[in-house]
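Here is how the chains run, residue by residue.
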Amino acid sequence: MDKPYGWCADKICLSPKVRDPWETDFAALVPRFTGGLSAISSTLIIYVILRSETRLSSIYHRIMFGMSLADICGSIAMALTSLPMPSYMPKEEIFGYKWTGARLGNTFTCDAQGFFVFFGMGCMFNYNAMLCLYYVCAIAFTMREKKIKKYVEPL
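What comes next is a walk through the structure.

Procedures and definitions
Chains are numbered independently. Their residues run from 1 in the order of the written sequence. Given that the model is predicted, a residue must reach a pLDDT of at least 70 before its local features are reported, and side-chain atom pairs must reach 80 or more before they are shown or counted; all residues, however, enter totals for whole chains, interfaces and linings. The basis for every side-chain value is the complete set of non-hydrogen atoms in the structure, without hydrogens or water. Segments assigned H or I by DSSP are reported as helices when at least four residues long, segments assigned E as strands when at least two residues long, and all are numbered from the N terminus. The rule is simple: take the accessible area with a 1.4 Å probe, protein chains only, and divide by the maximum for that residue type; under 20% is buried, over 50% is exposed, in between is partly exposed. Whether two residues are in contact is decided by their heavy atoms: any pair within 4.5 Å suffices. In this description, a line fitted to the C-alpha atoms serves as the axis of each element, helices being fitted only across the stretch in contact, and the angle between N-to-C directions of two axes falls anywhere from 0 to 180 degrees. What sets the label is the angle itself: under 35 degrees gives roughly parallel, over 145 gives roughly antiparallel, 65 to 115 gives roughly perpendicular, and the rest give oblique. The hand of a helix crossing depends on one turn: near helix anticlockwise from the far one by less than a right angle means left-handed, and clockwise means right-handed. Residue polarity follows a fixed list, in which Ala, Val, Leu, Ile, Met, Phe, Trp, Tyr, Cys and Pro are nonpolar, Asp, Glu, Lys and Arg are charged, and the others, Gly among them, are polar. One side-chain nitrogen of Lys or Arg within 4 Å of one carboxyl oxygen of Asp or Glu is enough to make a salt bridge. Here the nonpolar core consists of buried residues drawn from Ala, Val, Leu, Ile, Met, Phe, Trp, Tyr and Cys, with membership extended through side-chain atoms lying within 4.5 Å. Using a grid of 1 Å spacing that covers the protein atoms alone, one calls a set of points a cavity when a 1.4 Å probe fits there but cannot get out, and a pocket when the set is open and has protein on both sides within 12 Å along at least five of seven lines; lining residues are those with an atom within 4 Å of a point. Grid points are joined across faces, edges and corners, and a volume is the space filled by probe spheres set on the points.

### Overview of the overall build of the protein
What the protein contains, in helices and strands, is five helices and zero strands. Put simply, the protein runs from its N terminus to its C terminus through helices and strands in the order α-α-α-α-α. Within the protein, the fraction of its 155 residues that count as buried is 28%. Look at the contacts in the protein between residues 6 or more apart in sequence, and 58% of them connect residues 24 or more apart.

Encoded structure:
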């Protein structure tokens, strides 16, 4: 007798038709679209900043420039999804699942993708924290840009 799809011998399954997200094309396609859209949006932010009169002379523009650069690094790495993954991964057989999507890389490209995802996203979150600190100084403490540059920015 054939077992139905989703049948689990060693664990309890919620439903015989439930599939894990990494077994569908959804897991490979959605990050490509959202990561690409995020990289394009960040590129447009950089373009607008560099075309403005103040360029990088304001604190806000420097923070947004750095955040956008970090987002481009992380988003492009995220948009590559499964492409940098090694074509053969022995752990798939051990764990019993196969990641969908084209895999054209090796362990070096996979490690590089992981680095850029975590570096880009980590820097982006730190720039976001700096933007929050800038707003606290500018709005809550009513500090002028000149004072923020002198006392807060060097930290």
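### Concerning the packing of helix H1 (residues 26–51) against helix H2 (residues 59–79)
Between two packed helices, the angle of one axis relative to the other and the distance separating the axes together describe the packing. At their nearest, the axes of H1 and H2 sit 8 Å apart, and the two run at 155° to each other. It follows from the interaxial angle that H1 and H2 lie roughly antiparallel. For the pair H1 and H2, the crossing hand works out as left-handed. Taking contact as the criterion, the partners of Pro31, Arg32, Gly35, Gly36, Ser38, Ala39, Ser42, Thr43, Ile45, Ile46, Ile49 and Leu50 in H1 are, on H2, His61, Met64, Phe65, Ser68, Leu69, Asp71, Ile72, Ser75, Ile76, Met78 and Ala79. Class assignment for the residues of the contact of H1 with H2 results in 13 nonpolar, eight polar and two charged.

### Details of the pattern of salt bridges
Within this structure, the stated rule accounts for one salt bridge. The residue Arg62 makes a salt bridge to Glu153 at a minimum N-O spacing of 2.7 Å. Here Arg62 is found in helix H2, whereas its partner Glu153 is found in the segment after helix H5 (145–151), with 91 residues between them in sequence. Under the relative-accessibility criterion, Glu153 is labelled partly exposed at 36%.

### A short note on the nonpolar core
Counting 16 residues, the largest nonpolar core has Leu131, Tyr134 and Ile148 as the members making the most contacts within it. Elements supplying a minimum of two residues to this core: H2 and helix H4 (107–140). Ignoring any residue separated from it by four or fewer positions in sequence, one finds Leu131 in contact with Tyr60, Ile63, Met64 and Met67.

### Some thoughts on the layout of surface pockets
In this approach a probe as big as a water molecule rolls over the atoms, and the regions it shows empty are the leftover space. What the second largest pocket holds in volume is close to 220 Å³. Sorting the residues of the lining of the second largest pocket by element identifies H2 and H4 as the ones contributing at least two each. Top contributing element to the lining of the second largest pocket by residue count: H4, with four residues. Split by residue class, the lining of the second largest pocket holds nine nonpolar, no polar and two charged.

### Concerning the environment of Met143
With respect to the helices and strands, Met143 occurs in the loop between H4 and H5. Since its relative accessible area comes to 19%, Met143 is described here as buried. In this view, Met143 contacts Cys137, Ala138, Ile148 and Val152; residues no more than four positions away in its chain are not counted.

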